[in-house]
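Structural description and commentary
So you can see what is in the structure, the chains are spelled out below.
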Amino acid sequence: RDGFDGWALLDASTGDFRCGQEIGSLESLCQRHPVKEVIVSEDTDPALIARWKSSLGDVVVTPANTAWFHHSFARQTLLDHFQVANLTVFGLEEEGREPACTAAGALLRYLGALTLRRPDQVTGLRFSSRTDRLALDEETLRNLEIFRTFRGETGEGTLVHHIDRTLTPMGRRLLEMRLAEAVTDLGELTTWHAGVASALEDRSWREELRTILGRIGDVERLAARTASGRIGPAGLRQLGSALASIDQLKTASGTGGHGHHPVVFWLGEAADFGKLSGRILATIPEDAPATVRKPGFISEGIDSELDRCRGIARDSKGYLAGLQNREREATGIATLKVGFNRVFGYYFEVTKKHLDKVPEHYQQKQTLVSSSRFHTDELKEAESTILEAEEKAD
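What you see is a predicted model, and the numbers here were worked out from it, not measured in a lab. (Residues numbered from 1 in each chain as written. Predicted model: local features only at pLDDT ≥ 70, side-chain atom pairs only at ≥ 80, totals over all residues. Heavy atoms only, no water.)

**A short note on the layout of surface pockets**
- Volume-wise, the second largest pocket comes out at about 300 Å³.
- Pro-295, Gly-296, Arg-310, Ala-393 and Asp-394 are the residues nearest the centre of the second largest pocket, which is lined by 14 residues in total.
- Those elements that place two or more of their residues in the lining of the second largest pocket are α14 (304-314) and α16 (377-393).
- In terms of residues, the lining of the second largest pocket owes the most to one element, α14, which gives five residues.
- Its residues assigned to classes, the lining of the second largest pocket shows eight nonpolar, one polar and five charged. (1 Å grid on protein atoms, 1.4 Å probe; cavity = no way out; pocket = protein on both sides within 12 Å on 5 of 7 lines; lining within 4 Å. Points joined across faces, edges and corners; volume = space filled by probe spheres on them. Helix = DSSP H or I, 4+ residues; strand = E, 2+ residues; numbered from the N terminus. Nonpolar A, V, L, I, M, F, W, Y, C, P; charged D, E, K, R; others polar.)

Put into structure tokens, the structure is as follows:
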């Protein structure tokens, strides 16, 4: 409703899920965050929906099932998704936070209905109390030209364009969030200022970290795709490289006596990804395909049976060439050749000119205008071994 107090934000590509409460306008919330679509209850005043569609520009406003916005239904949606007995861990069991809970549950339900699958990439939910943040309204954001110019344009005329030196998509998103909701806690600000000062004073340390950051990529989106089962071999290889870089970043950040920097503290608390990243990079080759439809995305040396089957399939041409040469010598048919088609499999082809030299143990399978095709027990056995190996390897 106008002057709403419950909201939720969900990035389906990263799984980032937040909710909160405030008295403000929908326009100001959309100014502070890169919103692409807004869902509202179907029973919302049509005139208000029309106003939002007009004022929000490219943001899509979608009326959704009113039942999803009932608090008990929304709460149960969250309980079922996170498999918890209550929402205390998310800060949503406190009195007065029903609007935030309702918004979060309705939004999660909408995402599931939209994709027709459980959004497994959503693994957590944060409640933003706003008590330590300065939430700027729409007019202030526009006048200060933080994300868009006064004329609504992005790019050179905006503050974020001129201060953005981030090297990862996650850093860019964090910077935008910090600009949209500036920290007001003096203690936290002092810590950050000290950290920034130490990074400015130690150029070599800063540049080493920036070099490593430049190799990480968008690990949030890769992790979300992994959690939802939509990542392919190439993406998994990228995730492995990103995790390896995070481990390198963790090691590099600990040098030079910068332990008081907030980011160094974060990295110190991070898990050790060395074993996992090493396993991924050893298993998935550098030239891995984007999808599992194309075989060959497991490296050699990972599985002995896979290597054996691949070896048979790979060496089949050499084996068949040797068999062809042996049969030419045994039969005296210099033009005899091995062929293959989907209907008859492998066969020996002999031209009409040499049909009188065909041995008795050759079994005729097909007669053509100028030649005939034959099987032998040895060729059948070779065919069975080769095709079985290819199928098993796949």
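**Considerations on the packing of helix α15 (residues 316-331) against α16**
- Following both chains from N to C, one finds α15 and α16 inclined at 175 degrees, their axes separated by 11 Å at the closest point. Classed by the angle they form, the pair α15 and α16 counts as roughly antiparallel. Contacts from Ser-316, Tyr-319, Leu-320, Leu-323, Arg-326 and Glu-327 of α15 reach α16 at Glu-378, Leu-379, Ala-382 and Ile-386.
- Taken together, the residues of the contact of α15 with α16 break down into six nonpolar, one polar and three charged. (Axes fitted to C-alpha atoms, helices over the stretch in contact; angles between N-to-C directions. Parallel < 35°, antiparallel > 145°, perpendicular 65-115°, else oblique. Contact = heavy atoms within 4.5 Å.)

**Quick look at the sheet that holds strand β2 (residues 16-20)**
- Reading across from one edge, β1-β2-β5 is the order of the three strands in this open sheet, with mixed pairing throughout. Each edge of the open sheet carries a strand with a single partner, namely β1 (7-11) and β5 (126-128). Each strand axis lies, on average, 25 degrees off the axis of its neighbour in the sheet, ignoring direction.
- In this structure, β2 lies alongside β5, joined through three bridges in parallel fashion. Within β5, the residue paired with Cys-19 across the bridge is Phe-127. (Pairing = 2+ DSSP bridges.)

**Details of the packing of aromatic side chains**
- Applying the stated criterion across every chain yields a total of five aromatic pairs.
- Relative to Tyr-362, the ring of Phe-348 has its centre 5.4 Å away and its plane inclined at 20 degrees; by these criteria the two rings are stacked. Pair noted here: Phe-348 is in strand β9 (residues 345-351) and Tyr-362 is in the loop between β9 and β10 (363-367), with a separation of 14 residues, a long-range link. In this pair, the class of Phe-348 matches that of Tyr-362, namely buried.
- When the centroid spacing of 5.9 Å and the interplanar angle of 55 degrees are considered together, the rings of Tyr-362 and Phe-374 count as tilted. Placement of the pair is Tyr-362 in the loop between β9 and β10 and Phe-374 in strand β11 (residues 371-375), with a sequence separation of 12 residues. An identical accessibility class is assigned to Tyr-362 and Phe-374; each is buried.
- Chaining the aromatic ring pairs together yields one cluster made of Phe-348, Tyr-362 and Phe-374. (Phe/Tyr/Trp six-rings, centres within 6.5 Å; stacked < 30°, edge-to-face > 60°. Buried < 20%, exposed > 50% of the residue type's maximum accessible area, 1.4 Å probe, protein only.)

**Structural notes on the sheet that holds strand β8 (residues 337-341)**
- Ordered in space as β8-β9-β11-β10, the four strands form an open sheet in which the pairing is antiparallel. At either margin of the open sheet sits one strand with a lone partner, and together these are β8 and β10. On average, adjacent strands in this sheet sit at an angle of 40 degrees to one another, irrespective of strand direction.
- In the sheet, β8 pairs with β9 via five bridges, with the strands oriented antiparallel. Its bridge partner being in β9, Lys-337 is matched across the sheet by Glu-349.
- Lying on the sheet, α16 is in contact with β9, β10 and β11; it crosses β9 at an angle near 145 degrees.

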